[in-house]
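Chain and residue survey
The lines below spell out each chain.
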Amino acid sequence: GLKDDRPVLMVVGGSTGAQAINRALRAALPQLLECFQVLHLCGKGNLDVSLEGTPRYCQREYLTDEMPDAYAAADILVSRAGSNTLSEILALNKPSLLIPYPKTASRGDQILNAQSFEQRGLARVLYQEDMTPEVLLRRVVEVYRERGELIDAMEKEPSSDGLGNVLKYINQYAKKA
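Along each chain, residues carry numbers from 1 onward, in the same order as the chain's sequence is written. Only residues with pLDDT of 70 or above have their local features reported here, since the model is predicted, and side-chain atom pairs are shown and tallied only from 80 upward, although totals for entire chains, interfaces and linings are computed over all residues. The side-chain numbers reported here are obtained from all heavy atoms of the structure, hydrogens and water having been left aside.

The subject of this paragraph is the side chain of Gln59. By the secondary structure assignment, Gln59 is in strand E3 (residues 57-60). A polar side-chain atom of Gln59 sits 2.6 Å from the main-chain carbonyl oxygen of Asp48. A distance of 3.1 Å separates the side chain of Gln59 from the side chain of Glu52, its partner in a polar contact. Here, two residues are considered to be in contact whenever any of their heavy atoms come within 4.5 Å of each other. Beyond its immediate stretch of four places on either side in the chain, Gln59 contacts Arg26, His40, Cys42, Asn46, Leu47, Asp48, Val49, Leu51 and Glu52. To qualify as a helix, a DSSP run of H or I must reach at least 4 residues; to qualify as a strand, a run of E must reach at least 2; elements of each kind are numbered from the N terminus. Here a polar contact is recorded for every N or O atom pair within 3.5 Å, except that within protein the pair must consist of a potential hydrogen donor and a potential acceptor, and residues adjacent in sequence are included only if both atoms are side-chain atoms.

In structure tokens:
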């Protein structure tokens, strides 16, 4: 149901969803829908039936076979900062606002992942404890405005070509043998 008339914001909270992101996104939804179409992967059991049929808003618990199409359609992402997701973001050069799980709810690895991406200019970070609907809205708009800069940084990132790096090392060490 997405159209070409507005950019697509894809929000990914993981297979079980991210309640803090879901709440802030849904509170900011009227303002977000003025600028974006929103594809919201809200997690199993987290659909909001009161939002069904909202123009330019598509919520799904999760995607499986359709995930490549969703990534292709997305202009920018809001996501947690797990290593698998970050690998996908980097491989696909998707401008992103990362909202890592807070230290109180995790080992802190997502915070480190997000900080690493932000320090290298590959994404922007919003800490969950700083997130309000207004801040989320403002930061999403910033990421959209800065998307060219983020894409350039990802394209220049040496680790983005995993296959090329592996082949380089194989060839390097094969010549020594």
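Having put the structure on the table, let's press on.
Positive phi, normally seen in glycine, also occurs at Arg56, with a value near 65°. In this structure, Arg56 sits in the loop between strand E2 (37-41) and E3. Although it is not a glycine, Asn93 adopts a positive phi angle of roughly 55°. Inspection of the secondary structure assignment puts Asn93 in the loop between helix H3 (83-92) and strand E5 (96-98).

A word on the environment of Glu118. The topology assignment puts Glu118 in helix H4 (residues 109-119). Each C-alpha atom of the pair Glu118 and Arg138 lies 17 Å from the other, and the pair is 20 residues apart in sequence. Those residues in contact with Glu118, other than ones at most four positions away along the chain, are Ala123, Arg124, Val125 and Arg139.

Moving on: the packing of aromatic side chains. To describe a pair of aromatic rings, one takes the distance between the centres and the angle between the planes. When the centres of two rings from Phe, Tyr and Trp lie within 6.5 Å, Trp using its six-membered ring, the rings pair. Their planes under 30 degrees apart give stacked, over 60 give edge-to-face, and anything left gives tilted. According to the stated counting rule, one finds one aromatic pair in the structure shown. Between Phe36 and Tyr144, the ring centres sit 5.4 Å apart and the planes meet at 90°, which makes this aromatic pair edge-to-face. Residue Phe36 is located in the loop between helix H1 (19-35) and E2, and its partner Tyr144 is located in helix H5 (residues 133-145); the two are separated by 108 residues in the primary sequence. When the ring centre of Tyr144 is taken as reference, the NZ or CZ atom of Arg147 above it lies at 3.8 Å. When the NZ atom of lysine or the CZ atom of arginine is within 6 Å of a ring's centre and also within 35 degrees of its normal, the charge is said to sit over that ring. The positively charged end of Lys168 is found above the aromatic ring belonging to Tyr169, 5.0 Å away from the centroid.

We now examine the sheet that holds strand E4 (residues 76-79). Spatially, six strands are ordered E3-E2-E1-E4-E5-E6 in an open sheet, and the strand pairing comes out parallel. Only two strands of the sheet have a single partner each, and these edge strands are E3 and strand E6 (124-125). By this definition, two strands are paired if DSSP reports at least two bridges between them. Relative to E6, E5 runs parallel, the two sharing two bridges. Residue pairing across strands places Leu98 opposite Val125, the latter belonging to E6.

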